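As a plain string of letters, each chain reads:
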Amino acid sequence: MACVLLFHRLSPHSNRLTKTTICLLSLFLSYLCYCALSPADTFMQMVADSTPSCLRALEDGGAARLHSACAVPLQIPGPKADQRAPATLLVVKNDSSGGNFKFGNKKLPSAIIVGVKKGGTRAVLEFIRIHPDVRAAGTETHFFDRNYNRGLDWYRGLMPRTLESQITMEKTPSYFVTKETPHRISTMSPETKLIVVVRDPVTRAISDYTQTLTKAPDLPSFQELAFRNQTLGVVDTSWNAIRIGLYALHLENWLRYFPLTQIHFVSGERLITDPAGELARVQDFLGLKRIVTDKHFYFNRTKGFPCLKKPERSGSPRCLGKSKGRTHVQIDRDAIEQLRDFYRPYNVKFYEMVGHDFKWE
């Protein structure tokens, strides 16, 4: 209406204007009318159109091509009434990492490394998380043995964000020897896959003692802690370093809640001599494609342990921390033989239970 009135006011003077001026004036008035009459939500529609393009990039597998314009929560279009709603995909801009994105959902773990302490659990976790389909909590959560009263929501909050195709994992070695843990994990999910890294129990006990000694230099000698009476060969099974190595007894508790097919045993010895072979079996157990191979490892002669070759654009290889591969305390040979005699029947029973001879004798 304003455009019509304005043109009417100017029309008496139109005989004084050239045809070119009248044409330009008409275009200008038409533009003003369009601006005045065009609905505001047309502009909003144009802005909103960028979100579906981001969503299409994700649906087409183009997560790496996401632009900073997509740094907002994205909601997957709502399902029809007769379909189950898919999980919401959250895209959150991480300003501290130069504009990278974190997306996916926090899920409870579908696989857990449950033991054993000083067996090689950290190495297995660091090696398997090279796989693009594995995401793992970086620290030991101790949920099922120390923090169970905090609830599953608290536990889930400790997990990394994962995509639907990825496996969420965590590792806490003390789970294997904690009586309540198998039942608690089974209650969370009876389909949970369990990984146990085992090692010669005598060597494991010495390694355990060596680590404790670095934190408590006034600790009694290994023999004093390991034996009630060394002359008679009576071993003190109440000492945790000895008790952990009774694998057969601990496994009996786990088999009350999980079938043997859901438990995979990694050899701590072969993890050192053939890390690629052990990781191939772990990947098979988890239902993953064999991506972690021998090309990822090299043997560090100083540490006496395999390390990961340096990734591209990285200045150095990735080895485990200083606490891994440390020199063991020297133990009297007679004490070692006494402990081997003590563990032998437990080892044989363990071999029979899992159907594999680890050859610790």
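Structural data are supplied above this passage.
Figured I'd write up the structure that's included with this text. (Residues numbered from 1 in each chain as written. Predicted model: local features only at pLDDT ≥ 70, side-chain atom pairs only at ≥ 80, totals over all residues. Heavy atoms only, no water.)

## Notes on helix 7 (residues 181–188)
And step 1. Looking at helix 7, one finds that the buried residues are Thr181, Pro182, Ile185, Ser186 and Met188. One side of helix 7 carries all its buried residues, which in axial view fall inside an arc of 155 degrees.
And step 2. For helix 7, the secondary structure elements touched by its buried residues are strand 4 (111–115), helix 6 (152–157), strand 8 (193–198) and helix 11 (247–254). (Buried < 20%, exposed > 50% of the residue type's maximum accessible area, 1.4 Å probe, protein only. Helix = DSSP H or I, 4+ residues; strand = E, 2+ residues; numbered from the N terminus. Arc of directions from axis to C-beta. Contact = heavy atoms within 4.5 Å.)

## A few points about empty space enclosed by the protein
And step 1. The full count for this structure, using the stated rule, is one cavity of 30 Å³ or more.
And step 2. The volume enclosed by the largest cavity comes to roughly 30 Å³.
And step 3. Lining the largest cavity are Asp200, Val202, Arg340, Asn347, Trp360 and Glu361.
And step 4. For the lining of the largest cavity, the residue count by class is two nonpolar, one polar and three charged. (1 Å grid on protein atoms, 1.4 Å probe; cavity = no way out; pocket = protein on both sides within 12 Å on 5 of 7 lines; lining within 4 Å. Points joined across faces, edges and corners; volume = space filled by probe spheres on them. Nonpolar A, V, L, I, M, F, W, Y, C, P; charged D, E, K, R; others polar.)

## Observations concerning the state of the cysteines
And step 1. By the definition in use, this model includes one disulfide.
And step 2. The disulfide bridge from Cys307 ends at Cys319, spanning 1.9 Å between sulfur atoms. Disulfide Cys307-Cys319: torsion about the S-S bond near 110 degrees, hence right-handed. Taken as a pair, Cys307 in strand 13 (residues 305–308) and Cys319 in the loop between strand 13 and helix 14 (333–354) lie far apart in primary sequence, twelve residues in all.
And step 3. The class for Cys319 is partly exposed, based on a relative accessible area of 31%. (Disulfide = S-S within 2.5 Å.)

## Let's talk about the nonpolar core
And step 1. Val114, Phe176, Ile185, Trp254, Phe265 and Phe350 are the most contacted members of the largest nonpolar core, which totals 29 residues.
And step 2. The set of elements that each furnish at least two residues to this core consists of strand 4, helix 7, strand 8, helix 11, strand 11 (263–267) and helix 14.
And step 3. The greatest single-element share of this core, amounting to four residues, is contributed by helix 11.
And step 4. If sequence neighbours within four positions are ignored, Phe350 has contacts with Val198, Tyr247, Ala248, Leu251, Phe265, Phe358 and Trp360.
And step 5. Counting 26 residues, the second largest nonpolar core, distinct from the first, contains Val124, Leu125, Val134 and Phe305. (Core = buried A, V, L, I, M, F, W, Y, C linked by side-chain atoms within 4.5 Å.)

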